[in-house]
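Take a look at the letters that make up each chain.
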Amino acid sequence: MSQTAFSSLKLNPDLLKNISSLGYQAMTPIQAQSLPHILAGKDIIAQGQTGSGKTAAFSLGLLEKLDVKRFRVQSLVLCPTRELADQVAKEVRRLARTIHNIKVLTLCGGMPFGAQVGSLEHGAHVIVGTPGRVEDHLRRGTLKLDNVTTLVLDEADRMLDMGFQEALDAIIGYMPSQRQTLLFSATFPEQIKSIAKRIMLEPVVVQVASSHDNSSIQQYLYKVDGDVDRLTALRLLLLQHHPESVVVFCNTKLETEQVADELRRHDFSAVALNGDMEQRDRDQTLIRFANKSASILVATDVAARGLDIEALDAVINYHIARELEVHVHRIGRTGRAGSKGIACTLFDEKDAYRVARLEAFIGQTIEVKPLPAFSLLQQPAQKPLMTTLQIDGGKKQKVRPGDILGALTGANGIAGAQVGKIHISDNVAYVAVSREAAKTALKKLQQGKLKGRSFRVRLLWA
Ligand code: AMP
């Protein structure tokens, strides 16, 4: 029997029959690696992108455990958006279609609350929902989780990006500590590791992308001289690589301002970050860079220390770092999970001795590449994927991520998939939305209410 045949698992025969009738012939890698542990009752942390078959992995786990005769909520699946919750609920129902009388209910923000209360009164076995709305039901006592045996956090990194940490903590407080917790995430920033430590018991880690070492980074040198100034070289590299997120490192604060100004003059979405800026401006800059509404961050090494970005598409050294360790630290920030990062360094005649020292330090020669053709300069600069909306209300006004998400995605609103990171500070909130949805999102927030109040909202174009 093949290791990846579903029949190799200890699954209820009805579930197995249904799986083959759905045309699932073999397990996907994430299913093959996680299902044996899930069925053994273990907590797991798994890396699963959309399309990996992760939904079926946790759905089969929770269905196998379900006692249909006990009409209580036994499983809770939390998802970042309504669209994802709807897809998950659909997959659970498809996989459960040979189990009679199983009730799967979705509880998402942006949908009428009263109707959900009515459905909850009729009872359900599995709840699939978004954190804000699930928390609301718990607070009002319309949902009870005392009998939950399985908790699934789907796209956990997205949920944290959207500011749902507090809602997740609150929800977990309503659940028995004796339960199985399954966490799926595409990336594993510190925040995920710390949440896993708090809420999981000896989790089995499945197919986590290996953290890259510096040998997976492609390093290139580009020579600038009298004919090509650094700024033109930088523009050429940006036009060639079209990075979604790139840090351009400068050696002085003044240079970060000058380079960012010049890039903006050429229509790039660049922001400067240095220690001379007011704290509030620094925070806002980092938020806009992290939520992808500014693609180029021009920073000093000291200022970039506060950068909590998992990985960048590229790092460009406008000037080679004075210290070798600093250089290695800079380039170590590039490279997304599973893919190679690019580190470009501009140098001139005077930097030659530093390049030689660097090569000796890392024990390899770095390829000197010709700059892309100048004709590239005729092309327009790429615009960022997202735009930030600033809402003049925050924690102190009790604005929560679920409120913002609900207000944006309700009737005549934008799709959940068009909403990016949500960041809530004391008196202000920032939400990233897809660039093409920005105007609709702005109108929706300006016309609608949050917490029954109108807040001033504006777009921060990069
Ligand atoms: P997901 O990554 O959970 O969004 O699933 C991606 C798609 O793959 C869904 O349409 C599933 O129905 C389908 N799928 C999940 N597991 C399998 C499998 N073992 N064989 C074939 N298709 C699958």
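As the structure is a prediction and not an experimental result, all values here were calculated from the model.

Thresholds, definitions, all that
- Residues numbered from 1 in each chain as written.
- Predicted model: local features only at pLDDT ≥ 70, side-chain atom pairs only at ≥ 80, totals over all residues.
- Heavy atoms only, no water.
- Phe/Tyr/Trp six-rings, centres within 6.5 Å; stacked < 30°, edge-to-face > 60°.
- Lys NZ or Arg CZ within 6 Å of the ring centre and 35° of its normal.
- Domains from an automatic or database assignment.
- Buried < 20%, exposed > 50% of the residue type's maximum accessible area, 1.4 Å probe, protein only.
- Helix = DSSP H or I, 4+ residues; strand = E, 2+ residues; numbered from the N terminus.
- Pairing = 2+ DSSP bridges.
- Right-handed = clockwise from strand over helix to strand, strands pointing away.
- Near = heavy atom within 4 Å.
- Polar contact = N/O pair within 3.5 Å; in protein donor to acceptor, adjacent residues only side chain to side chain.
- Areas by Shrake-Rupley, 256 points an atom, 1.4 Å probe, with all protein chains shown as cover.
- Core = buried A, V, L, I, M, F, W, Y, C linked by side-chain atoms within 4.5 Å.
- Contact = heavy atoms within 4.5 Å.
- Axes fitted to C-alpha atoms, helices over the stretch in contact; angles between N-to-C directions.
- Arc of directions from axis to C-beta.
- Parallel < 35°, antiparallel > 145°, perpendicular 65-115°, else oblique.
- Left-handed = near helix turned anticlockwise from the far one by under 90°.
- Nonpolar A, V, L, I, M, F, W, Y, C, P; charged D, E, K, R; others polar.
- pLDDT = per-residue confidence, 0-100.

Caption draft 1: Layout of the packing of aromatic side chains. Per the counting criterion, the structure on display carries 1 aromatic pair. In this structure, R140 is placed above the aromatic ring of F113, and the distance from its NZ or CZ to the ring centre is 4.2 Å. Stacked on the ring of Y220, the Lys or Arg K369 has its end atom at 4.3 Å from the ring centre.

Caption draft 2: Quick look at the domain arrangement of the protein. Annotation of the protein at the domain level lists domain 1 (6–207), domain 2 (217–378) and domain 3 (386–460). On a C-alpha basis, the centres of domain 1 and domain 2 stand 41 Å from each other.

Caption draft 3: Main features of the pairing of strand β11 (residues 296–299). Of the two faces of β11, the one carrying I296 and V298 and the one carrying L297 and A299 are both buried. As paired strands, strand β9 (residues 246–249) and β11 are joined by 4 bridges and run parallel to one another. The residue bridging V248 from the neighbouring strand is V298, located in β11. In this structure, strand β10 (residues 270–273) lies alongside β11, joined through 4 bridges in parallel fashion. Paired with L273 across the bridge in β11 is A299. Between the parallel pair β10 and β11, the chain is carried across by helix α12 (residues 279–290), and the sense of this crossover is right-handed.

Caption draft 4: Representation of the site of the ligand. Lining the immediate environment of the ligand, one finds 14 residues, of which Y24, Q31, G51, G53 and T55 sit closest. Residue G53 places a main-chain N or O atom 2.7 Å away from an oxygen atom belonging to the ligand. Protein contact buries 72% of the 500 Å² of open area that the ligand shows by itself. When residues of the shell around the ligand are traced back to their parent elements, those giving at least two are α3 (54–65) and α4 (82–95).

Caption draft 5: Inspection of the nonpolar core at higher detail. By size, the foremost hydrophobic cluster in this structure holds 56 residues, and its most contacted members are L389, I404, L408 and V431. Composition of this core by domain shows at least three residues from each of domain 1 (6–207) and domain 3 (386–460). If sequence neighbours within four positions are ignored, L408 has contacts with L389, G413, I414, V419, V431, V433, A441, K444 and L445. Counting 38 residues, the second largest nonpolar core, distinct from the first, contains L60, L66, V128 and F184.

Caption draft 6: Looking closely at the sheet that holds strand β16 (residues 419–424). The strand order across the open sheet built from 4 strands is β16-β17-β15-β18, with neighbouring strands paired in antiparallel fashion. The two strands at the open ends of the sheet, each matched to only one other strand, are β16 and β18 (457–460). Within the sheet, the average angular offset between the axes of one strand and its neighbour, ignoring direction, is 20°. In this structure, strand β15 (residues 386–391) lies alongside strand β17 (residues 429–434), joined through 6 bridges in antiparallel fashion. Note on β17: the bridge partner recorded for I391 is A429. In the packing of helix α16 (residues 401–409) onto the sheet, contacts are made with β15, β16 and β17, and the angle to β16 comes to roughly 145°.

Caption draft 7: Geometry of helix α15 (residues 352–362). Turning to α15, its buried residues number three or more, namely R354, V355, L358 and E359. Within α15, the buried residues cover an arc of 140° as seen down the axis, which keeps them to one side. As for α15, its buried residues are in contact with β8 (217–223), α14 (324–331) and β13 (341–347). Just past α15, the residue G363 takes up positive phi, approximately 70°.

Caption draft 8: Quick look at the side chain of S293. Residue placement: S293 occurs in the loop between α12 and β11. Of the residues examined, S293 reaches a relative accessible area of 1% and is grouped as buried. Here N291 takes part through its side chain, which lies 2.6 Å from a polar atom of the side chain of S293.

Caption draft 9: Structural detail: the packing of α3 against α4. The contact between α3 and α4 brings their axes to 10 Å, and the two run at 55°. Taken as axis vectors, α3 and α4 run oblique relative to one another. Seen along the crossing, α3 lies across α4 with a hand that is right-handed. In this structure, α3 contributes T55, A56, F58, S59, L60 and L63 to the contact, and α4 contributes V88, E91, V92 and L95. Taken together, the residues of the contact of α3 with α4 sort by class into 7 nonpolar, 2 polar and 1 charged.

Caption draft 10: Focus on unusual backbone geometry. Look at N101: it is not a glycine, yet its phi comes out positive at around 60°. Along the chain, the position of N101 falls in the loop between α4 and β3 (104–107). For D267, which is not a glycine, the phi torsion comes out positive at approximately 75°. Tracing the chain through its elements places D267 in the loop between α11 (253–265) and β10. Overall, D267 belongs to the partly exposed group, its relative accessible area being 46%.

Caption draft 11: The arrangement of the confidence of the model for the protein in detail. With 95% of its residues at a pLDDT of 70 or more, the protein has an overall mean of 90. Within the model, pLDDT remains below 50 along residues 208–213, and this stretch shows 8 contacts once partners closer than five positions in the same chain are excluded.

Caption draft 12: Seen up close, the sheet that holds strand β2 (residues 75–78). Pairing is parallel in the open sheet, where 7 strands are placed in the order β3-β4-β2-β5-β6-β1-β7. Sheet topology places β3 and β7 (204–206) at the edges, where each strand pairs with a single neighbour. Looking at each pair of strands side by side, their axes are set apart by 15° on average, direction ignored. With 4 bridges joining them, strand β1 (residues 44–47) and strand β6 (residues 180–185) adopt parallel strand pairing. Across the sheet, residue Q47 finds its bridge partner in β6, namely S185. Contacts from helix α2 (residues 29–39) reach β1, β6 and β7, with the element oriented near 175° to β1.

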